[in-house]
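What follows is each chain in one-letter form.
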Amino acid sequence: MRCKGTYGRRGNFSAYFGSALLVALLSPGASAHALHCHRDQDESLSTERPTFTNSSSVVPCRSLQIESGFLISTEHEQRGYDAPEGLLRFGLTKSDELRFTLPDYFQNYSSNGNFATGIGDLGIGVKRSLAATSSGFNLAGIFALTFPTGAQSVSSHGYDPTIQILPSQNLAANVSIATMLSVAWPTQGGSRNTIGQSSVVLDWQVKKPLDVFAEYSGSFPSTGTPQHISDFGVLYRPSRRQQVDFWSGFGLSAAAIDHFVGVGYSVRFDL
């Protein structure tokens, strides 16, 4: 159910694609730059998990980051789960990363309703750092496309793009705020539905390996009813390149999911 571009069970929109930018990144000049990139070996892990709001940070150059999780959700007395919520991120340059969202498996425990059972769609995309200042302000952009590779009952059966803008600001040494402005064009019922999404998350580093956060996220479809969600969670980093997360949330509007709870694990390999 954890869909970064929209809410729903019709595919995973946390995958990202920008064809023009992708071509530029994979051009000979960009590839040569990637081979000679400079990286801060002590840079700590920064993930997209577990919030709806994606991070404004990119994976360090020539590093592979794997993010995964398990989510149980309930809506109108219907229950389901999805896993592994797999996201692969690879640093192409100091400012760019290539992303693959692996197909999720969705399991429905009810005989009817909005939750479908089967494998979701595959996604590919790119993320670019657009600004990073000494005052702690960061800005990134994500471009995405999902492909109709999933099961009949789960796939959107379309090629669905998503665009996201991700600003963040450090408020203090251990407090930061991040927002996300997103527009997605998912295929629903054989036609396009433009969905805007905005979210804001406040993160507080309680102690060096432990963070807590609180988040609001709203989804506003051109066809359908707006959905509002609140969630909170904990991030624990046993090392600079590993993270364990726990989060839970609930709907603030009738059209939103009732509640959900999830756990996840992320790790980065510096190649």
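Each remark here, short or long, concerns the structure printed above.
Conventions and cut-offs
- Residues numbered from 1 in each chain as written.
- Predicted model: local features only at pLDDT ≥ 70, side-chain atom pairs only at ≥ 80, totals over all residues.
- Heavy atoms only, no water.
- Helix = DSSP H or I, 4+ residues; strand = E, 2+ residues; numbered from the N terminus.
- Buried < 20%, exposed > 50% of the residue type's maximum accessible area, 1.4 Å probe, protein only.
- Polar contact = N/O pair within 3.5 Å; in protein donor to acceptor, adjacent residues only side chain to side chain.
- Phe/Tyr/Trp six-rings, centres within 6.5 Å; stacked < 30°, edge-to-face > 60°.
- Patch = residues over 30% accessible without salt bridge, like charges linked within 9 Å, V, L, I, M, F, W, Y side chains within 5 Å.
- Areas by Shrake-Rupley, 256 points an atom, 1.4 Å probe, with all protein chains shown as cover.
- Salt bridge = Lys/Arg side-chain N within 4 Å of Asp/Glu carboxyl O.

## So, the side chain of Asn 54
Consideration 1: You can see Asn 54 is positioned in the loop between helix H2 (28-35) and strand E1 (63-75).
Consideration 2: Of the residues examined, Asn 54 reaches a relative accessible area of 2% and is grouped as buried.
Consideration 3: Engagement of the side chain of Asn 54 in a polar contact is seen with the side chain of Gln 164, the distance being 2.8 Å.

## As for the packing of aromatic side chains
Consideration 1: Enumeration over the complete set of coordinates arrives at six aromatic pairs.
Consideration 2: A centroid spacing of 5.5 Å and a plane angle of 65 degrees characterise the contact between Phe 52 and Trp 247, whose relative ring orientation is edge-to-face. Of the two residues, Phe 52 sits in the loop between H2 and E1 while Trp 247 sits in strand E16 (residues 242-251), which places them 195 residues apart along the sequence.
Consideration 3: For Trp 247, a relative accessible area of 0% corresponds to the buried category.
Consideration 4: Taking the centre distance of 5.2 Å and the plane angle of 35 degrees together, the rings of Phe 70 and Tyr 81 count as tilted. With Phe 70 in strand E1 and Tyr 81 in strand E2 (residues 78-83), this residue pair connects regions lying eleven residues apart in the sequence.
Consideration 5: Look at Phe 70 and you get partly exposed, because its relative accessible area is 32%.
Consideration 6: Taken together, Phe 52, Trp 247 and Phe 260 form an aromatic cluster joined through their ring pairs.

## Regarding a nonpolar patch on the surface
Consideration 1: A contiguous nonpolar patch, built from Phe 70, Val 234, Phe 246, Val 261 and Val 263 and spanning about 360 Å² of accessible area, is present on the exposed surface.
Consideration 2: Locating Phe 246 in the fold gives a position in strand E16.

## A look at unusual backbone geometry
Consideration 1: With an omega of -10 degrees, the peptide bond running from Arg 49 to Pro 50 counts as cis.
Consideration 2: Locating Pro 50 in the fold gives a position in the loop between H2 and E1.
Consideration 3: A cis geometry characterises the amide bond from Ala 83 onward to Pro 84, with omega recorded as 5 degrees.
Consideration 4: You can see Pro 84 is positioned in the loop between E2 and strand E3 (87-91).
Consideration 5: Positive phi, normally seen in glycine, also occurs at Arg 62, with a value near 60 degrees.
Consideration 6: Take Arg 62: it is sitting in the loop between H2 and E1.

## What about the pattern of salt bridges?
Consideration 1: Within this structure, the stated rule accounts for twelve salt bridges.
Consideration 2: Its salt-bridge partner being Glu 48, residue Lys 127 comes within 3.1 Å of it at the nearest N-O pair. A residue pair is termed long-range when its members are at least 10 positions apart, and Lys 127 in strand E7 (residues 122-132) and Glu 48 in the loop between H2 and E1 qualify at 79 residues.
Consideration 3: In this structure, Arg 128 engages Asp 96 in a salt bridge whose closest nitrogen and oxygen atoms are separated by 2.5 Å. Pair noted here: Arg 128 is in strand E7 and Asp 96 is in strand E4 (residues 96-101), with a separation of 32 residues, a long-range link.
Consideration 4: Among the ionic contacts, a cluster of salt bridges with common partners joins Glu 48, Glu 67, Arg 89, Glu 97, Arg 99 and Lys 127.

## Some thoughts on the environment of Met 180
Consideration 1: As for its position among the elements, Met 180 is in strand E10 (residues 175-184).
Consideration 2: Assessed through its relative accessible area of 0%, Met 180 is described here as buried.
Consideration 3: Expressed as a C-alpha distance, the spacing of Met 180 and Ser 198, which sit 18 residues apart in the sequence, is 5.5 Å.

## Quick look at the side chain of Gln 243
Consideration 1: Locating Gln 243 in the fold gives a position in strand E16.
Consideration 2: Residue classification places Gln 243 among the buried positions, given a relative accessible area of 0%.
Consideration 3: Here Arg 237 takes part through its side chain, which lies 3.3 Å from a polar atom of the side chain of Gln 243.

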